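# Survey of secondary and tertiary structure
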Amino acid sequence: QAKEAGPSTILFFEPQMLEEVSSRARLQRDLREALQRQDFALHYQPQLALDGTVVGVEALIRWRLEGHGMVSPMEFIPLAEKTGLILPLGRWILHTACRQLAAWARHGARRHLTMAVNVSAGQFQQEDFVQQVREALVETGAPAHRLKLELTESLMLQQIEAVIARMRELQALGVQFSLDDFGTGFSSLAYLKRLPLAQLKIDQGFVRDILEDHNDAAIAQTVIALGHSLGLEVIAEGVETEQHRALLAQWGCRFYQGYLFSRPLPAEALQDWLDAQPPQE
Ligand code: C2E
Ligand code: MG
Ligand code: MG
Ligand code: MG
């Protein structure tokens, strides 16, 4: 209706709304340019088993914008989804993560590491997504069974049969799946048991408050029990203190990720961090 009202409509906008619109437009332009220049980086955050063994990493995208500093993925991933830029960006993420995974697979001490890659709903639903994953694996030589795609519950609100069929196609390549931010999206338990998942990831929003909040503690315990009874691995994210780790361990959680162990690191820094870890059997 803004169009019909004519040019004077602009008077109805609050100045801060205009600012928001123009800064979004600017961010969109910056994003497009960054994509052309490949101004992004992947950082990698270690994932550990109960005994302290590093079992894998999660790839997290980073974007440093000239004169602005770091832009949070929480800010630009949704924008990239809205504008379709997630398609080329997602392809770059898959290739970069697979290239790193392939390099580790050739490296004796790191050959067992898994690589978790976040895939947004829009990305997963592209017609050629399976083909993209296949290409990334073939072109980089990464071992498919060490690639773990992190999906979110928002994807399960889509045509569930089509989602399951696509997951099965990817699973046939050897790829594994983790359900990220579990517990935040109201996904139906009836669907949960039908999804070919390997892992549930307890959302860090619950993990954060398990020491003080009885409800969050109950939710975390329930997710751990539910995951295990469905035969899934359960990993807690956002583990910041030893108290958190110990409590989660007491509830049976066997995998951990969080600042307690390490922040997400650039590949070289992660390699130094891995070298400094106690040797594994
Ligand atoms: P996520 O996949 O749930 O990732 C976990 C987020 O928690 C990351 O934030 C990570 O840096 C942060 N984190 C890890 N350990 C701790 C901790 O102990 N305490 C706290 N407070 N935070 C911790 P980040 O990197 O800012 O990413 C935010 C979200 O953006 C991700 O949530 C994911 O949804 C999205 N994202 C990041 N990278 C990608 C990507 O490559 N592709 C897509 N599609 N989405 C991505
Ligand atoms: Mg994730
Ligand atoms: Mg998460
Ligand atoms: Mg999250």
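Here the structure is a predicted model, which means the values were calculated and not measured. (Residues numbered from 1 in each chain as written. Chains lettered and ligands numbered in written order. Predicted model: local features only at pLDDT ≥ 70, side-chain atom pairs only at ≥ 80, totals over all residues. Heavy atoms only, no water.)

Inspection of every chain in the model, using the stated rule, returns 9 salt bridges. Aspartate 30 serves as the salt-bridge partner of arginine 29, at 3.5 Å between the closest nitrogen and oxygen. Arginine 29 gets classed as partly exposed once you look at its relative accessible area, which sits at 47%. On the basis of relative accessibility, which here comes to 15%, the residue aspartate 30 falls in the buried class. In this structure, arginine 110 engages aspartate 275 in a salt bridge whose closest nitrogen and oxygen atoms are separated by 2.5 Å. In this pair, arginine 110 sits in the loop between α3 (86-105) and β4 (114-118) while aspartate 275 sits in helix α11 (residues 267-276), placing the two residues 165 residues apart along the sequence. On the basis of relative accessibility, which here comes to 8%, the residue arginine 110 falls in the buried class. (Salt bridge = Lys/Arg side-chain N within 4 Å of Asp/Glu carboxyl O. Buried < 20%, exposed > 50% of the residue type's maximum accessible area, 1.4 Å probe, protein only. Helix = DSSP H or I, 4+ residues; strand = E, 2+ residues; numbered from the N terminus.)

A grouping of Glu127, Asp128, Glu135 and Glu139 is seen on the molecular surface, where their side chains present a negatively charged patch. Within the secondary structure, aspartate 128 sits in the loop between α4 (121-124) and α5 (129-140). (Patch = residues over 30% accessible without salt bridge, like charges linked within 9 Å, V, L, I, M, F, W, Y side chains within 5 Å. Areas by Shrake-Rupley, 256 points an atom, 1.4 Å probe, with all protein chains shown as cover. Lys, Arg positive; Asp, Glu negative; His and termini not counted. Charge placed at Lys NZ, Arg CZ, Asp CG, Glu CD.)

So, about the pairing of strand β2 (residues 54-65). Burial within β2 is extensive, with 9 of its 12 residues counted as buried. Bridge analysis of strand β1 (residues 40-49) against β2 gives 9 bridges, and the strand direction is antiparallel. When the sheet's bridge partners are listed, phenylalanine 40 is paired in β2 with tryptophan 63. In this antiparallel pair of consecutive strands, β1 and β2, the connection spans 4 residues, and glycine 52 shows a positive phi of 90°. Strand direction decides the pairing type here: β2 and β4, joined by 4 bridges, are parallel. Note that in β4 the partner of valine 57 across the bridge is methionine 115. Here β2 runs beside strand β3 (residues 69-71); their pairing, made up of 3 bridges, is antiparallel. (Pairing = 2+ DSSP bridges.)

Within the structure, ligand 1 sits among 23 residues, and Arg62, Asn118, Gln204, Glu240 and Tyr259 are positioned closest to it. Separating an oxygen atom of ligand 1 from a side-chain N or O atom of aspartate 180 is a distance of 2.8 Å. Glutamate 237 places a side-chain nitrogen or oxygen 3.4 Å from an oxygen atom of ligand 1. Alone, ligand 1 offers 790 Å² of accessible surface; in the complex the protein occludes 85% of this. Listing elements by their share of the shell around ligand 1, those giving two or more residues are β2, α2 (73-83) and β6 (176-182). Element by element, the count of residues in the shell around ligand 1 is highest for β2, at 4 residues. When the residues that make up the shell around ligand 1 are grouped by side-chain class, the tally is 9 nonpolar, 7 polar and 7 charged. (Near = heavy atom within 4 Å. Polar contact = N/O pair within 3.5 Å; in protein donor to acceptor, adjacent residues only side chain to side chain. Nonpolar A, V, L, I, M, F, W, Y, C, P; charged D, E, K, R; others polar.)

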